[in-house]
Amino acid sequence: MTAAQGTPPPTVAELEAQEARLVLPHFTYDDAWALGSLLVELSREREAPVAIDIRRGSQQLFHCALPGSSADNDAWIDRKRRVVERYGASSFLVGTRFRAKGGTFEDSSRLDPDRYAAHGGSFPITVEGAGVVGTVTVSGLPQEADHALVVRALERTLERMSSGPRD
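First, a word on scope: everything that follows refers to the structure included in this document. (Residues numbered from 1 in each chain as written. Predicted model: local features only at pLDDT ≥ 70, side-chain atom pairs only at ≥ 80, totals over all residues. Heavy atoms only, no water.)

### Details of the overall build of the protein chain
Under the convention used in this document: Helical segments are the DSSP runs of H or I of at least four residues, strand segments are the runs of E of at least two, and each set is numbered from the N terminus. The globule rule used here is 2.2 Å times the number of residues to the 0.38 power, and the radius of gyration it is set against is calculated over C-alpha atoms. Using a 1.4 Å probe on the protein chains alone, a residue whose accessible area is under 20% of its type maximum counts as buried, one over 50% counts as exposed, and one in between counts as partly exposed. Residue-level accessible areas treat just the shown protein chains as cover; the underlying method is Shrake-Rupley with a 1.4 Å probe. Only four residue types enter the charge count: Lys and Arg as positive, Asp and Glu as negative, with His and the chain ends excluded. Positions of charges follow a simple convention, taking NZ of Lys, CZ of Arg, CG of Asp or CD of Glu.
Looking only at helices and strands, the protein chain has 6 helices and 5 strands in total. Listed N to C, the secondary structure of the protein chain is α-β-α-β-β-α-α-α-β-β-α in terms of helices and strands. For a compact globule of 167 residues, the expected C-alpha radius of gyration is about 15 Å, and the protein chain comes in at 15 Å, within 12% of that figure. Taking the principal axes of its C-alpha atoms as reference, the protein chain extends roughly 45 × 35 × 35 Å. Taken over 167 residues, the protein chain has a buried fraction of 47%. A total accessible area of about 8400 Å² is found for the protein chain, and carbon and sulfur atoms account for 50% of it. Here the protein chain carries 19 positive and 23 negative side-chain charges, and the mean point of each set is 4 Å from the other.

### Notes on unusual backbone geometry
Of note, the phi angle at glutamate 47 is positive, near 50°, even though the residue is not glycine. Tracing the chain through its elements places glutamate 47 in the loop between helix H2 (29–45) and strand S2 (51–56). Glutamate 47 sits in the exposed class, given a relative accessible area of 71%. For arginine 110, which is not a glycine, the phi torsion comes out positive at approximately 65°. Secondary-structure assignment places arginine 110 in the loop between helix H5 (105–108) and strand S4 (122–127). Look at arginine 110 and you get exposed, because its relative accessible area is 79%.

### Looking at the pairing of strand S3 (residues 59–65)
Threshold: Here the rule is simple: two strands pair whenever DSSP picks up at least two bridges between them.
Where S2 lies against S3, 6 bridges are found, and the strand directions are antiparallel. Note that in S3 the partner of aspartate 53 across the bridge is histidine 63.

Listed below in structure tokens is the structure:
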């Protein structure tokens, strides 16, 4: 159970459903800016000490470090992002899958824990007809809160894209 919410963490099926639902119609440089700016706004509202990173392929399109974050958050971003790039699924989902099988990512993946972290906060940017094209990552909160912040921003981004003409 998560102490803040008093609810059990999401299941593999719930996390997979999020990923299936959060598929964008497009992802441009302007979309990356809008998504990053939204994450900054949501983080400031919560006074969250996070760093935010958005990439398309290997190109960093957005990065912001808010008060209270540190260089350690950038290292966590890199480690979580590599999990998404390797597995094509959110870092939280990957870690949850390992836990559901009775193990841990660190013990079972055989990947260097200094380079990979299956902790919540990095999510694939998936575009209709193209698949995973990038990542959006937040670091600085407990893993479930990092993940939830990214999901909320992607939900609002998808709502915006679905309700109006392409920017």
